[in-house]
Amino acid sequence: APRMASTSPEAPVLYPNPTSDRIRLSVDMQDSNELELVLFNVTGQLMYKDEIRFDKTGIQVIELQLKQLGLSQGIYLLRVTSNGRANDFRVVLTD
């Protein structure tokens, strides 16, 4: 029987950006159910790290409240690792 070709996962989408507080991340979970979030400031200092497990595949939406993390306005780098692939986002946090 012919095997179904697996479609590659859609790249994660981050919104709104710039933001004054919260960001949402839409991720297409396919191969694995684990997602890693790592947030750095402009000098490369680790500000936040989290690993999230999902019990299902498909599009998942995560919300991060940046002000609750004690972050001040500025530019941050969010690295999202899912499906064995890392995606970097430049996040602008405003007042």
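Anything mentioned here points back to the structure above.
Residues numbered from 1 in each chain as written. Predicted model: local features only at pLDDT ≥ 70, side-chain atom pairs only at ≥ 80, totals over all residues. Heavy atoms only, no water.

(A) Looking closely at the pattern of salt bridges. This structure, assessed with the given rule, holds 5 salt bridges. For Arg53, the salt bridge goes to Glu34, with nearest N and O atoms at 2.2 Å. Within this pair, whereas Arg53 is found in strand 4 (residues 46-53), its partner Glu34 is found in strand 3 (residues 34-41), the two being separated by 19 residues in sequence. Exposure remark for Arg53: the relative accessible area of 58% places this residue in the exposed category. One salt-bridge network, in which partners are shared between bridges, spans Arg22, Arg24 and Glu63. (Salt bridge = Lys/Arg side-chain N within 4 Å of Asp/Glu carboxyl O. Helix = DSSP H or I, 4+ residues; strand = E, 2+ residues; numbered from the N terminus. Buried < 20%, exposed > 50% of the residue type's maximum accessible area, 1.4 Å probe, protein only.)

(B) Broad picture of the sheet that holds strand 1 (residues 13-15). In spatial order, the strands read 1-2-5; together these 3 strands make up an open sheet with antiparallel pairing. Bordering the open sheet on either side are strand 1 and strand 5 (58-65), each of which pairs with just one other strand. Along the sheet, successive strands turn relative to each other by an average axial angle of 20°, direction set aside. Here 3 bridges tie strand 1 to strand 2 (residues 22-29), and the two strands are oriented antiparallel to one another. Bridge pairing links Tyr15 to Arg24 in strand 2. (Pairing = 2+ DSSP bridges. Axes fitted to C-alpha atoms, helices over the stretch in contact; angles between N-to-C directions.)

(C) Structural detail: the sheet that holds strand 6 (residues 74-82). Reading across from one edge, 4-3-6-7 is the order of the 4 strands in this open sheet, with antiparallel pairing throughout. The two strands at the open ends of the sheet, each matched to only one other strand, are strand 4 and strand 7 (85-93). Averaged over neighbouring strand pairs, the angle between their axes works out to 15° when direction is ignored. Two elements, strand 6 and strand 7, share 9 bridges in a ladder whose sense is antiparallel. Considered in strand 7, the bridge of Leu78 is made with Phe89.

(D) How the structure looks around the nonpolar core. By size, the foremost hydrophobic cluster in this structure holds 21 residues, and its most contacted members are Leu25, Leu35, Leu37, Ile62, Leu66, Leu78 and Val91. Every element with two or more residues in this core is listed here: strand 2, strand 3, strand 4, strand 5, strand 6 and strand 7. Sorting elements by how many residues they give to this core places strand 2 first, with 4 residues. Dropping the residues within four chain positions of it, Leu66 is found in contact with Thr19, Asp21, Ile23, Leu39, Leu71, Val91 and Leu93. (Core = buried A, V, L, I, M, F, W, Y, C linked by side-chain atoms within 4.5 Å. Contact = heavy atoms within 4.5 Å.)

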